[in-house]
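These are the residues of each chain, in order.
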Amino acid sequence: MANLLKKSMTMLLVATFSMSTFAQEKANKWYDNIKLSGYGMLQYQGQDKEDAESNTFNLRLLRMIVDGKINDFNWRAQIQGTNAKGPGEPTVQLMDLYAEWVKHKEFQVRAGQFKRAFTFENPTHPVTQGWRGYADVINRLSGFGDRAGEKSSGGRDIGIQVQGDVLPNSSGRALLHYQVGVYNGEGINRSDKDNRKDIIGGLWVMPVKGLRIGAFGWTGSHGGMTTVNGTDESVSLNRYCLSVEWDKDEYTFRAEYLHSQGWGSGVIGNNTIDYSLGDKADGWYVFGIVPVIKSKLHAKARYQTYRKSKEWATSLNSVEAGLNYFFTKNLQLNFEYARVNDRTLAKHNYNLVDVELDFRF
């Protein structure tokens, strides 16, 4: 009996150890499919705008990202911390939360909260983008601090999108990319206010490596807008964008033109329609970033215009130049000088200086 008990205990210990090892291997495999990353952007900015001079250090933003993979699905959760509301009023909010079926590069499906399928610049990483901020026309007509009046949403919305790369050439490189999404139309962390969905799509060709030539369209609405009579209504929204980009060997050149039709408040987070703005706006930008010392120092220049009423009298224009220095691939210092021309001000011209320390982990 003692020998039988001893053998039974030995078998039990072996089985327990085997199950523990198997569970540990499974846990490790699960853990290996999870990646934690993030980045921070520290900023100094000064300007001599008449009656609005400023000279301040800012915590531009901090983002924490968790990426994972489950079989043929990728998923992401991203949280942002920023002082967007102003000093002493930090904002923490969910930016991305989505899952994407990626089994076939020709047809992929993404669902959740993510970047809208509009413009080349919108989905560009804020650090990789290389400037003090996205172009003014991107901010105002692509769901950041949007002209429509929705709260700042980082170019994102809630919905579902299909996309893919097709028509491979002899070397296997795709020549055509498509993407189409259906969204609530209200920005991040908000349900649909009028039960009307936004449809946004993009199509671009890639005839040679590094070159993209594309076009985007957006039709939808923004719900809960307040009229001069105090009534609530949905405002139709129609936009398009024409884009071209060359990005290869640390040389990046991009130009985009955006046009918008639809009433808005012109003020972030304000749903009261400002009819004096008119129902049309447009703008464009063009920039170049080139290596001075490969992987170490880049020079850059940008010209941009945003016309909030599609009239030159309401235009915001700037000519910018600067340098980006890379201590390592995950730590860079950016300097930028801008000469700004704001036609809506009594004194149109002013100077702006921006310095940023950006890091990734």
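Residues numbered from 1 in each chain as written. Predicted model: local features only at pLDDT ≥ 70, side-chain atom pairs only at ≥ 80, totals over all residues. Heavy atoms only, no water.

**Student:** What is the right way to look at the environment of Val267 in this model?
**Tutor:** Considering the arrangement of structural elements, one finds Val267 in the loop between strand E11 (251-261) and strand E12 (280-293). Taking the C-alpha atoms as reference, Val267 lies 8.2 Å from Glu150; in sequence the two are 117 residues apart. Apart from residues no more than four positions distant in its own chain, Val267 is found in contact with Arg140 and Gly149. (Helix = DSSP H or I, 4+ residues; strand = E, 2+ residues; numbered from the N terminus. Contact = heavy atoms within 4.5 Å.)

**Student:** What's the story with the pattern of salt bridges in this structure? I'm lost.
**Tutor:** A side chain of one charge can pair with a side chain of the opposite charge when the charged atoms of the two come close. One pass over the structure, following the stated rule, counts 19 salt bridges. For the salt bridge of Glu245 with Arg212, the shortest nitrogen-to-oxygen distance reads 2.8 Å. Here Glu245 is found in strand E10 (residues 232-248), whereas its partner Arg212 is found in strand E9 (residues 211-226), with 33 residues between them in sequence. Connected through salt bridges with shared partners, the residues Arg132, Lys300, Arg302, Glu320 and Glu336 form a single ionic network. (Salt bridge = Lys/Arg side-chain N within 4 Å of Asp/Glu carboxyl O.)

**Student:** Where do I start with the packing of aromatic side chains in this structure?
**Tutor:** Within a pair of aromatic rings, the relevant descriptors are the distance that separates the centres and the angle that separates the planes. This model, assessed by the stated rule, comprises 17 aromatic pairs. Judged by centre distance (6.0 Å) and plane angle (80°), the ring pair of Tyr98 and Phe114 falls under edge-to-face. With Tyr98 in strand E4 (residues 91-104) and Phe114 in strand E5 (residues 107-115), this residue pair connects regions lying 16 residues apart in the sequence. Both residues of the pair, Tyr98 and Phe114, count as buried. In textbook terms, an aromatic cluster arises when at least three aromatic residues are bridged by ring pairs, as seen for Phe118, Phe120, Trp204, Phe216 and Trp218. (Phe/Tyr/Trp six-rings, centres within 6.5 Å; stacked < 30°, edge-to-face > 60°. Buried < 20%, exposed > 50% of the residue type's maximum accessible area, 1.4 Å probe, protein only.)

**Student:** When you look at the confidence of the model for the protein in this model, what are you seeing that I'm missing?
**Tutor:** Predicted coordinates in regions of low pLDDT should not be interpreted in detail. With 89% of its residues at a pLDDT of at least 70, the protein reaches an overall mean of 90. Of the regions scoring below 50 in pLDDT, residues 8-17 engages in zero contacts with residues more than four places distant in sequence or in other chains. (pLDDT = per-residue confidence, 0-100.)

**Student:** Sorry if this is basic, but what is going on with the pairing of E11 here?
**Tutor:** Regular strands place side chains that alternate from one sheet face to the opposite one. Examined bridge by bridge, E10 and E11 share 11 bridges and lie antiparallel to one another. The partner of Ser243 across the bridge, within E11, is Glu256. Remark: two residues form the turn of the hairpin made by E10 and E11, two consecutive strands paired antiparallel; Asp249 in that turn has positive phi of roughly 55°. Bridge count for E11 against E12 is 10 bridges, and the pairing is antiparallel. (Pairing = 2+ DSSP bridges.)

**Student:** Just checking my understanding: could you explain the pairing of strand E16 (residues 349-360) for this structure?
**Tutor:** As judged from the nine bridges shared by strand E1 (residues 34-47) and E16, these two strands associate in the antiparallel manner. Looking at E16, one finds that Gln47 is bridged to Leu352. Two elements, strand E15 (residues 331-342) and E16, share 11 bridges in a ladder whose sense is antiparallel. In the strand pairing of E16, Ala338 is matched with Leu352. Remark: six residues form the turn of the hairpin made by E15 and E16, two consecutive strands paired antiparallel.

**Student:** Can you help me understand the environment of Ser153 in this one?
**Tutor:** Note that Ser153 resides in the loop between helix H3 (136-141) and strand E6 (156-168). By relative accessible area, Ser153 is classed as buried at 0%. Considering only alpha carbons, one finds Ser153 and Leu94, 59 residues apart in sequence, at a separation of 10.0 Å. Setting aside chain neighbours within four positions, we find Ser153 in contact with Met95, Gly143, Phe144, Gly187 and Ile188.

**Student:** Before we go on, may I ask you to explain a nonpolar patch on the surface in this structure?
**Tutor:** Taken together, the side chains of Leu42, Leu59, Tyr325, Phe327, Leu333 and Leu357 present a nonpolar region at the surface, about 500 Å² in accessible area. For Leu357, a relative accessible area of 31% corresponds to the partly exposed category. (Patch = residues over 30% accessible without salt bridge, like charges linked within 9 Å, V, L, I, M, F, W, Y side chains within 5 Å. Areas by Shrake-Rupley, 256 points an atom, 1.4 Å probe, with all protein chains shown as cover.)

**Student:** I tried to follow the nonpolar core on my own but got confused; where do I start?
**Tutor:** Among soluble globular proteins, nonpolar side chains are generally buried collectively. Counting 27 residues, the largest nonpolar core has Phe118, Val137, Ile138 and Leu258 as its most contacted members. Contributing elements (two or more residues each) for this core: H3, strand E7 (174-183), strand E8 (198-205), E9, E10 and E12. When residues of this core are assigned to their parent elements, the largest contribution, four residues, is made by E12. One finds Tyr39, Met41, Leu61 and Val127 within the second-largest nonpolar core, a separate group that totals five residues. (Core = buried A, V, L, I, M, F, W, Y, C linked by side-chain atoms within 4.5 Å.)

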